[in-house]
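Close look at the chain arrangement
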Amino acid sequence: MKNKDLTVGDPKSVLIYFTIPLFVSVVFQQLYSITDSVIAGKFAGESALAAVGASYPITMIFMAVAIGCQVGCSVVISRRFGSGNMKETKSCITTSLIAGLILSALLTVIGVLFSSQLMELVNTPEDIFEDGDLYLKIYTGGFIFLSLYNIITGIFNSLGDSKTPLLFLIGSSLGNIALDAVFVICFKWGVAGAAWATFIAQGVSCILLAVVIFKRMKTMQPEEKADFFSVKALKEITVVAIPSILQQSFVSIGNMFVQYIVNGFGSSVIAGYSAAIKLNTFAITGLNTFGNGISGFTAQNLGAGKTERVKTAFKAGLTVVLCTAGVFFIAYFAFGRQLLSLFMNENSTELAMETGLNFLRIVSPFYLVVSVKLVCDGVLRGSESMRYFLATTFTDLILRVILAFAFSGIWGTTGIWTGWPISWFMGTLLSVIFYARGVWIKKAASREKSHTS
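Conventions adopted
Residues numbered from 1 in each chain as written. Predicted model: local features only at pLDDT ≥ 70, side-chain atom pairs only at ≥ 80, totals over all residues. Heavy atoms only, no water. Helix = DSSP H or I, 4+ residues; strand = E, 2+ residues; numbered from the N terminus. Rg over C-alpha atoms; globule rule 2.2 N^0.38 Å. Areas by Shrake-Rupley, 256 points an atom, 1.4 Å probe, with all protein chains shown as cover. Patch = residues over 30% accessible without salt bridge, like charges linked within 9 Å, V, L, I, M, F, W, Y side chains within 5 Å. Salt bridge = Lys/Arg side-chain N within 4 Å of Asp/Glu carboxyl O. Axes fitted to C-alpha atoms, helices over the stretch in contact; angles between N-to-C directions. Parallel < 35°, antiparallel > 145°, perpendicular 65-115°, else oblique. Nonpolar A, V, L, I, M, F, W, Y, C, P; charged D, E, K, R; others polar. Core = buried A, V, L, I, M, F, W, Y, C linked by side-chain atoms within 4.5 Å. Buried < 20%, exposed > 50% of the residue type's maximum accessible area, 1.4 Å probe, protein only. Contact = heavy atoms within 4.5 Å. Disulfide = S-S within 2.5 Å. Phe/Tyr/Trp six-rings, centres within 6.5 Å; stacked < 30°, edge-to-face > 60°. Expected span 1.5 Å × (residues − 1). Polar contact = N/O pair within 3.5 Å; in protein donor to acceptor, adjacent residues only side chain to side chain.

This part takes up the overall build of the chain. What the chain contains, in helices and strands, is 16 helices and zero strands. Rg of the C-alpha trace for the chain: 21 Å, near the compact-globule value of 22 Å for 453 residues, within the 12% margin. Here the chain displays about 17800 Å² of accessible surface, and carbon together with sulfur accounts for 69% of that area.

Quick look at unusual backbone geometry now. In the Ramachandran plot, K188 falls in the positive-phi region, its phi being about 60° despite a non-glycine side chain. Along the chain, the position of K188 falls in the loop between α7 (163-186) and α8 (190-218).

Right, let's get into a nonpolar patch on the surface. Together, V182, F187, W189, W196, I200, V204 and L208 make up a nonpolar patch on the protein surface, roughly 620 Å² of accessible area in all. In terms of residue count, α8 provides more of the nonpolar patch than any other element does, four residues in total. By the element assignment, F187 lies in the loop between α7 and α8.

All right, on to the packing of helix α2 (residues 46-83) against helix α10 (residues 267-303) then. The description of two packed helices rests on the angle between their axes and on the distance between the axes. Running from N to C, α2 and α10 cross one another at 0°; their axes reach a closest spacing of 10 Å. For the element pair α2 / α10, the angle class is roughly parallel. Split into classes, the residues belonging to the contact of α2 with α10 amount to eleven nonpolar, eleven polar and three charged.

To continue, consider the nonpolar core. I155, F359, Y367 and W420 are the most contacted members of the largest nonpolar core, which totals 125 residues. Broken down by element, the residue count for this core peaks at 19 residues, all from α2. Contact partners of Y367, with chain neighbours within four places excluded, come to N280, A283, I284, L287, A325, F328, F329, Y332 and W424.

Right, let's get into the environment of G317. Among the secondary structure elements, G317 is positioned in helix α11 (residues 307-340). You can call G317 buried: its relative accessible area is 4%. Each C-alpha atom, one on G317 and one on P21, is 14 Å from the other, the two residues being 296 residues apart in sequence. The contacts of G317, once residues within four sequence positions are left out, are L15, I294 and V375.

It is worth spelling out the state of the cysteines at this point. In this structure the tally under the stated criterion is zero disulfides. Its sulfur unpaired, C92 is 9.4 Å from the next cysteine sulfur, which belongs to C73. Looking at the unpaired C376, the closest cysteine sulfur is the one in C323, lying at 16 Å. For C376, a relative accessible area of 1% gives the class buried.

Before going further, it helps to spend a moment on the pattern of salt bridges. What the rule picks out here adds up to eleven salt bridges. A salt bridge links R80 to E88; the nearest nitrogen and oxygen atoms lie 2.5 Å apart. The class for R80 is buried, based on a relative accessible area of 7%. What makes E88 partly exposed here is its relative accessible area of 27%. A salt bridge links E308 to K311; the nearest nitrogen and oxygen atoms lie 3.4 Å apart. Taken together, the residues span about one helical turn, with E308 and K311 both in helix α11 at a distance of three residues.

Our next topic: the packing of aromatic side chains. For the structure on display, the rule yields 23 aromatic pairs. Both rings, one in F282 and one in F328, keep their centres 5.7 Å apart while their planes meet at 85°; by these two values the pair is edge-to-face. Placement of the pair is F282 in helix α10 and F328 in helix α11, with a sequence separation of 46 residues. Summarising the aromatic geometry, the rings of Y388 and F434 are spaced 4.9 Å apart at their centres and angled 65° between planes, so their arrangement reads as edge-to-face. Within this pair, whereas Y388 is found in helix α14 (residues 386-411), its partner F434 is found in helix α15 (residues 413-437), the two being separated by 46 residues in sequence. Owing to a relative accessible area of 22%, Y388 belongs among the partly exposed residues under this scheme.

Moving on, we come to helix α3 (residues 86-113). Taking 1.5 Å of rise per residue, 28 residues should cover 40 Å, and α3 covers 41 Å from first to last C-alpha, within 8% of that figure. Where α3 begins, the side chain of N85 points an oxygen toward the backbone nitrogen of K87, at a separation of 3.4 Å.

Below, the discussion takes up the environment of R387. Relative to the elements of secondary structure, R387 occurs in helix α14. Residue classification places R387 among the exposed residues on the basis of a relative accessible area of 64%. Separated by 28 residues in the primary sequence, R387 and G415 have C-alpha atoms spaced 31 Å apart. One polar contact links R387 to Y388, side chain to side chain, over a distance of 3.4 Å.

Mapping S383 onto the fold places it in the loop between α13 (367-382) and α14. Given a relative accessible area of 0%, S383 falls into the buried group. Separated by 3.0 Å, the side chain of S383 and the backbone oxygen of L380 make a polar contact. Here S385 takes part through its side chain, which lies 2.8 Å from a polar atom of the side chain of S383.

Two numbers describe how helix α5 (residues 126-141) lies on α8: the axes approach to 9 Å, and their chain directions differ by 10°. Relative to α8, α5 is oriented roughly parallel. The residues of α8 that touch α5, namely those facing D131, L134, Y135, I138 and G141, are V191, A192, A194, A195, W196 and F199. Among the residues making up the contact of α5 with α8, the classes are represented as nine nonpolar, one polar and one charged.

The structure is reproduced here in structure tokens:
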């Protein structure tokens, strides 16, 4: 595989060929999470499924940091690579790796030490608390691998190479499934086995991918020696990464509030919600890959001063993401019961199944709405228009949490799920307005002016 310049060639084709491996990567990455829940639910029972699900919003906070760091380094490196500045490109890469290593090591320690307190924070029922706490301890123990893997993937994507991390991810996902089967089905380790399978698979994948990126960097020979660590680069990465981390974290914190409400309805409802939210996250994360692809495309092309290519790619990305959203909607709405049954065994309650079905039937039709937001957000993020990007995200999040608390007292769990479509619609409306007003073009122009003055 080699680095790819996204500023040349037909914008539609370039974007699609760049984004397809990203989408496939997400499919396999989500297998980590889904496989844990499927095998736990099938072979360790409904309580194990609920235990994994109860810790899910907490694990997503840690994932938020990893994804935010990935976005920060990817956007800044893409802009450097798009402008042809190999010295600063290489410096940004090493700076990202050093900063990411320090931050992820710190969060790993925090996660292991305070897992019990975090589980108490989301009102985890006593009958699943011990298993949920154990799963969270092992998961956060491997966070350093998860975080660095995401950062390195962001580096490859910023260089226009979305295929190399995909190959490693496929191998890692298959390894995770195999280890899940051995640890949970054969060794009967329950939720601990599912957690250790993820830990080992992510660790091996991260180490191998790190070896490849260092070999790739040796082929990048700038005319002048690049700084191994650049404070300037770290500041630029931080400017993009912190809002992205906040965005991802606030979404995860919002999910923790929702999980708190759900946990009050008992372990059967938790199990049903856990299965449905895994399917929902699979869909949203898959759709968001098109936004991430457009972020990288936007950053490289704005770095090269090619605004019109971004507009063309936006239209192509919108078409593809709407078609993909339609597929998820049909699959979840029409075949929700069959998909949810993958997570449950013959001892699972009907309440668990009905909870999951109700969630999917209320939420999935609105994938067609939120997918438009994700594409608009991709352009805003790629142009580093972070203030507008955060405004759309926080509108979505705050509304969802407020409505969940308000409606749950009236319609029970149905009221909780109803908050999703309303908040998505309002967030999408803002994103479309910001894109149409061209705030991303103005941001790129002002940054270019500041660099030349």
